[in-house]
Amino acid sequence: QVQLVESGGGLVQAGGSLRLSCVVSGRTFSTAGMGWFRQPPGKEREFVVDINFNSASTHYADDVKGRFTISRDNAKNTVYLQMNSLKPEDTAVYYCALGRWPRAGTGSSDYAYWGQGTQVTVSS
C-alpha cells in the first residue's frame with residue numbers, strides 16, 4: 001500500500017517561511033518523479049513544482065519561482081518544499097504526489113499517488 005504523508009503546514013504571516021515534507025512508503029521512491037500541487041480556497045488544484053527522480057531537473061510555476069525550492073532525499077524517501085517570502089495568495093491545501101515515471105510533470109495525470117494534503121494559511 002502506497003502512502004504519502006505531508007507535514008509542515010500551518011499559519012504564518014506574510015513574508016514568513018514554511019517547510020513542507022512528504023514521506024513516501026510502500027513504493028520505490030528513488031525511481032519516481034515527485035510533485036507538489038496546491039488547491040486555494042474555492043479554486044481548482046494547480047501545479048506548484050516538480051522534481052525528477054535524481055534531482056537533476058525541476059520545474060516551478062511562475063508565481064513561486066524564486067520563493068519556493070523543492071528538494072528530495074532518496075535515502076529518506078522524502079521530498080521537501082521550502083517556501084519563503086510567503087504571500088496571502090499562497091494560502092491553499094498543499095499536496096505532494098508520486099509520479100508514474102522517473103521524470104516529473106506538471107499535470108495531475110503524470111502522478112499515480114497523492115497525499116492527503118496539508119493546510120498552509122498566510123495572513124496579511
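What counts, and where the lines are drawn
Residues numbered from 1 in each chain as written. Predicted model: local features only at pLDDT ≥ 70, side-chain atom pairs only at ≥ 80, totals over all residues. Heavy atoms only, no water. Helix = DSSP H or I, 4+ residues; strand = E, 2+ residues; numbered from the N terminus. Rg over C-alpha atoms; globule rule 2.2 N^0.38 Å. Buried < 20%, exposed > 50% of the residue type's maximum accessible area, 1.4 Å probe, protein only. Contact = heavy atoms within 4.5 Å. Areas by Shrake-Rupley, 256 points an atom, 1.4 Å probe, with all protein chains shown as cover. Lys, Arg positive; Asp, Glu negative; His and termini not counted. Charge placed at Lys NZ, Arg CZ, Asp CG, Glu CD. Pairing = 2+ DSSP bridges. Phe/Tyr/Trp six-rings, centres within 6.5 Å; stacked < 30°, edge-to-face > 60°. Lys NZ or Arg CZ within 6 Å of the ring centre and 35° of its normal. Salt bridge = Lys/Arg side-chain N within 4 Å of Asp/Glu carboxyl O. Axes fitted to C-alpha atoms, helices over the stretch in contact; angles between N-to-C directions.

K.L.:
Just checking my understanding: could you explain the overall build of the protein for this structure?
P.N.:
Assigned secondary structure in the protein consists of 0 helices and 11 strands. In the protein, the succession of α and β elements from N to C terminus is β-β-β-β-β-β-β-β-β-β-β. Radius of gyration (C-alpha) of the protein: 13 Å, near the 14 Å computed for a compact globule of 124 residues. Out of the 124 residues in the protein, the part that is buried amounts to 44%. Restricting to contacts in the protein with at least 6 residues of sequence separation, those with at least 24 account for 59%. Counting every atom, the protein has about 6000 Å² of accessible surface; 47% of that belongs to carbon and sulfur. Here the protein contributes 12 positively and 10 negatively charged side chains, and the mean placements of these two sets differ by 5 Å.

K.L.:
Explain the pairing of strand β4 (residues 34–39) here, please?
P.N.:
Side chains on a regular strand alternate between the two faces of the sheet. Of all 6 residues in β4, 5 are buried, a share of seventy percent or more. Relative to strand β5 (residues 46–51), β4 runs antiparallel, the two sharing 5 bridges. When the bridges of β5 are listed, Met34 appears paired with Ile51. With antiparallel pairing between neighbouring strands as the criterion, β4 and β5 make up a hairpin whose turn holds 6 residues, including Gly42 at a positive phi of roughly 75°. In the sheet, β4 pairs with strand β9 (residues 92–99) via 6 bridges, with the strands oriented antiparallel. Paired with Trp36 across the strands is Cys96, a residue of β9.

K.L.:
What am I meant to see in the packing of aromatic side chains here?
P.N.:
Aromatic rings in a pair are described by how distant their centres are and how their planes are angled relative to each other. Under the defined criterion, the tally for this structure stands at 4 aromatic pairs. Ring centres of Phe37 and Phe47 lie 5.6 Å apart, and the angle between their planes is 75°; this geometry places the pair in the edge-to-face category. Linking Phe37 in strand β4 with Phe47 in strand β5, this pair joins segments that are 10 residues apart in sequence. Each member of the pair, Phe37 together with Phe47, is buried. A centroid spacing of 5.3 Å and a plane angle of 80° characterise the contact between Phe37 and Tyr111, whose relative ring orientation is edge-to-face. In this pair, Phe37 is assigned in strand β4 and Tyr111 in strand β10 (residues 111–114), connecting sequence segments 74 residues apart. Sitting over the face of the ring of Phe29, Arg72 holds its NZ or CZ atom 4.3 Å from the ring centroid.

K.L.:
Got a minute to help me understand the pattern of salt bridges in this structure?
P.N.:
Two side chains that carry opposite charge are able to pair once their charged atoms sit near each other. Scanning the model with the defined rule gives 6 salt bridges in all. Residue Glu46 is joined to Arg38 by a salt bridge in which the shortest nitrogen-to-oxygen separation is 2.7 Å. You can call Glu46 partly exposed: its relative accessible area is 27%. Notably, a salt bridge pairs Lys65 with Asp62, separated by 3.2 Å at the nearest N-O pair.

K.L.:
So what exactly am I meant to see when it comes to the sheet that holds strand β3 (residues 18–25) here?
P.N.:
By way of backbone hydrogen bonds, the strands of a sheet pair with one another, either parallel or antiparallel. The strand order β1-β3-β8-β7 describes an open sheet built from 4 strands, whose pairing is antiparallel. Two strands close off the open sheet at either side, each with one partner strand: β1 (3–7) and β7 (68–73). The average angle at which neighbouring strand axes cross in this sheet is 15°, direction not considered.

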